[in-house]
Amino acid sequence: MKRSDITLHARHRDKLQALLAHPRGHEGAAYMLLGKSEIAQDPWDLEPRTRYTSYEVIAIPQEDRVDASDKHVTWNTNSFAQLCRRAKEEGLVPAIVHSHPGGFDGFSEQDDRNECDLFTMARNRNGEGTRLVSVVQVGDSLYRARVWEDDMTPLHCHRVTTIGTRIEIQSTDAPPPSETLARQALAFGPEVNGLLKQLSVAVVGCGGTGSPVVQLLARLGVGHILVIDDDVVEHSNLNRLYGATRKDADHAVPKVDVMAREVTMMGLDIEIQSVSGWVDAPDIRDALKSCDIIFGCTDDHSGRLYLNRIAHFYLIPVIDVGLVLMPRDDGEPGLLEMAARVSVLFPTSACHGCRGTVDRVRAREEDLERLDPAEYERQKTEAYVRGAGNPAPAVVTFTSEAATMAVNELLAGLVDFRGSGGWTWQRYRKLDKGFERSQAAQPRSDCPVCGSEEYWGLGDVDPFLDRIG
Ligand SMILES: [Zn+2]
Ligand SMILES: [Zn+2]
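What you are looking at is a predicted structure, and each value in this text was computed from that prediction instead of being measured.

A.B. asks: Help me understand the environment of D292 in this model?
C.D. replies: Its location among the elements puts D292 in the loop between α9 (282-289) and β15 (293-296). Residue classification places D292 among the buried residues on the basis of a relative accessible area of 7%. C-alpha of D292 to C-alpha of P317: the two residues are 25 residues apart in sequence and 7.3 Å apart in space. Here D292 is in contact with R51, R159, Q198, L199, S200, I316 and P317, once residues within four sequence places are set aside.

A.B. asks: What is the right way to read the coordination of the zinc ion (ligand 1) from this model?
C.D. replies: In ideal tetrahedral geometry, four donors around a metal make angles of 109.5 degrees, whereas ideal octahedral geometry with six donors gives angles of 90 or 180 degrees. Distances from the zinc ion (ligand 1) to its protein donors, H98 (NE2), H100 (NE2), D111 (OD) and D111 (OD), fall at 2.0 to 2.3 Å. Counting the intervening residues between successive donors of the zinc ion (ligand 1) yields the motif H-x1-H-x10-D. The exposure class assigned to H98 is buried, which follows from its relative accessible area of 6%. Given the relative accessible area of 5%, H100 is considered buried.

A.B. asks: Would you take a moment to explain the sheet that holds strand β11 (residues 167-171) for this structure?
C.D. replies: Within a sheet, adjacent strands bond to each other through the backbone by hydrogen bonds, running parallel or antiparallel. With mixed pairing, the nine strands of this open sheet are ordered in space as β9-β8-β7-β6-β2-β3-β1-β10-β11. In this open sheet, the two strands that pair with only one neighbour each are β9 (151-156) and β11. The sheet shows a mean angle of 25 degrees between the axes of neighbouring strands, taken without regard to direction. Along the sheet face, helix α2 (residues 78-90) touches β2 (29-39), β3 (49-59), β6 (93-100) and β7 (132-138) and points at about 25 degrees away from the line of β2.

A.B. asks: Would you take a moment to explain the coordination of the zinc ion (ligand 2) for this structure?
C.D. replies: Protein ligation of the zinc ion (ligand 2) involves C351 (SG), C354 (SG), C447 (SG) and C450 (SG), the donor distances falling in the range 2.2 to 2.4 Å. Coordination at the zinc ion (ligand 2) is tetrahedral, judged from the four donor atoms that bind it and the angles of 102 to 118 degrees they form at the metal. The sequence pattern describing where the donors of the zinc ion (ligand 2) fall on their chain is C-x2-C-x92-C-x2-C. Residue C351 is located in the loop between β17 (335-345) and α11 (352-355), and its partner C450 is located in the segment after β19 (435-439); the two are separated by 99 residues in the primary sequence. In this structure C351 comes out as buried when scored by relative accessible area, which is 3%.

A.B. asks: What exactly am I supposed to notice about the nonpolar core here?
C.D. replies: A general tendency of soluble globular proteins is for nonpolar side chains to be buried together. Counting 63 residues, the largest nonpolar core has L217, V227, F295 and L410 as the members making the most contacts within it. Top element by residues in this core is helix α14 (residues 396-414). It accounts for nine residues. Membership of the second largest hydrophobic core comes to 45 residues, among which are W75, C291, I294 and I310.

A.B. asks: Explain a nonpolar patch on the surface here, please?
C.D. replies: A cluster of nonpolar side chains, contributed by V324, M326 and L336, occupies part of the molecular surface with about 240 Å² of accessible area. For V324, a relative accessible area of 32% puts it in the partly exposed group.

A.B. asks: What exactly am I supposed to notice about the packing of α2 against helix α3 (residues 109-126) here?
C.D. replies: In a pair of packed helices, the angle between the axes and the distance between the axes together describe the arrangement. Relative orientation of the contacting elements α2 and α3 amounts to 50 degrees, with a least axis distance of 10 Å. One element, α2, and the other, α3, form an angle in the oblique class. Both α2 and α3 take part in a crossing whose hand is right-handed. Residues F80, A81, C84, R85 and K88 of α2 form the contact with α3, whose participating residues are L118, M121, A122, R125 and N126. Looking at the contact of α2 with α3, its residues break down into six nonpolar, one polar and three charged.

A.B. asks: Looking at this structure, I do not really get the sheet that holds strand β18 (residues 426-430). What am I missing?
C.D. replies: In space, the eight strands of this open sheet follow the order β14-β13-β12-β15-β16-β17-β18-β19, with mixed pairing throughout. The open sheet has two edge strands, β14 (271-276) and β19, and neither has a second partner. Between one strand axis and the next, the sheet turns by 15 degrees as a mean value, whatever way the strands run. Pairing of strand β16 (residues 318-327) with β17 involves 10 bridges; the strand directions are antiparallel. In the sheet register, G322 faces β17, and the bridge partner there is R341. Lying over the sheet, helix α6 (residues 210-220) contacts β12 (200-204), β13 (224-229), β14 and β15, oriented at roughly 165 degrees with respect to β12. Here helix α8 (residues 255-266) sits on the sheet in contact with β13 and β14, set at roughly 170 degrees to β14.

A.B. asks: Is there a simple way to think about empty space enclosed by the protein in this case?
C.D. replies: Summed over all chains, the structure comprises two cavities of 30 Å³ or more. T7, R51, R159, T161, I163, I167, C291, D292, L315 and I316 together form the lining of the largest cavity. Tallying contributions element by element places strand β10 (residues 159-163) first for the lining of the largest cavity, with three residues. Here the residues of the lining of the largest cavity are counted per class, giving five nonpolar, two polar and three charged. Approximately 40 Å³ is the volume attributed to the second largest cavity. Here the lining of the second largest cavity is built from residues that sort into one nonpolar, three polar and two charged.

Rules behind the numbers
- Residues numbered from 1 in each chain as written.
- Chains lettered and ligands numbered in written order.
- Predicted model: local features only at pLDDT ≥ 70, side-chain atom pairs only at ≥ 80, totals over all residues.
- Heavy atoms only, no water.
- Helix = DSSP H or I, 4+ residues; strand = E, 2+ residues; numbered from the N terminus.
- Buried < 20%, exposed > 50% of the residue type's maximum accessible area, 1.4 Å probe, protein only.
- Contact = heavy atoms within 4.5 Å.
- Donors = N, O, S within 2.8 Å, 3.2 Å for Na, K, Ca; no water.
- Pairing = 2+ DSSP bridges.
- Axes fitted to C-alpha atoms, helices over the stretch in contact; angles between N-to-C directions.
- Tetrahedral: all angles 85-135°; square planar, octahedral: opposite > 155°, others 65-115°.
- Core = buried A, V, L, I, M, F, W, Y, C linked by side-chain atoms within 4.5 Å.
- Patch = residues over 30% accessible without salt bridge, like charges linked within 9 Å, V, L, I, M, F, W, Y side chains within 5 Å.
- Areas by Shrake-Rupley, 256 points an atom, 1.4 Å probe, with all protein chains shown as cover.
- Salt bridge = Lys/Arg side-chain N within 4 Å of Asp/Glu carboxyl O.
- Parallel < 35°, antiparallel > 145°, perpendicular 65-115°, else oblique.
- Left-handed = near helix turned anticlockwise from the far one by under 90°.
- Nonpolar A, V, L, I, M, F, W, Y, C, P; charged D, E, K, R; others polar.
- 1 Å grid on protein atoms, 1.4 Å probe; cavity = no way out; pocket = protein on both sides within 12 Å on 5 of 7 lines; lining within 4 Å.
- Points joined across faces, edges and corners; volume = space filled by probe spheres on them.

Okay, structure coming up:
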């Protein structure tokens, strides 16, 4: 049976809670428009899946409300027709949301009848292939969802995930407790282990920061790991590439193969999948769309801008790691600057472009080098492009520290170990001076990616991520 799940942006969850609240405990109702992410094949269970992402929450107009009590809510459907019209025009999926303030955890027979009528109406209006999602808020914070599609039997979503500065998962298939993670349960409670086990996490770039990130994720008990990299092990990587051996470098073994081998050898029941290729390849899209979190551990500027768009279109947080080790400019050994940066990219926070954490000119040069190498070389000789320059310094303790900071940001999204709750949008640690700065990462209002809600949670569009070329 085809599986589906829903991701709610926390600002939408907050708005739903406000719209559905009633002073005397009556049921409430609202609409949503959802983006759709069709996954042809999940990398782990190899099954097709659909993920719906919250795009907009819409109040039902006062004049459409008919009646409500603690057991029912009814409204007339003028505004539902408008919702369907917008869904069709904008390529979105209409959704109805109602509450069960008394705590009934499920869909009632009355719900079945109402939704069946609304689905028929939606299908008559929008044609074959129309879907209707129904979400019920149980009490004031538990969500259940199902999808009407094809026939008259709705399909239950196995998971509703809410993401803002933390990740909250409400799942119908929670895993059993793990013996190997018992000591971690002593720190955070067994629930956190269960959440980690359910997560699917991609690591893009398996070098100095990516390889320790993979090791840490596996030891934390993240159930599903995807590693993406198109490089092979070289002798110059062995000072920092966790798991890699001299033999791997002698035989130019792909870095992703080393990651998969090492995690499999741990014997911790972690399912690791690997893809060798550049992150933009069409066959990697599905794999990335299947993930709950993406770690950006590449110094490729174009790839990082690409991941940033995934975060906004698909509501998949990207935790991006950067390390600055700037050599002295007089040719003597030594560093002028040493700093680690971890950025969390997700709607309501600024994109890489607005943070200044990606060099857009360099990103264009990388695109040219990848897509038209001859033209890139020509422009380089004529000094139209700057080229990548000398290899950057790399020290294993610094790359590992940056990786630990990044994985702790994921942990902060799951457990309140810092007290404040949730992740920080950006941390910048001066490795030589021993201090750290948190940065707010405010979006710029004129930015197409992070400055307006147009793309946030939009899901699949053609062209992919609304990118030309
Ligand atoms: Zn109901
Ligand atoms: Zn921006």
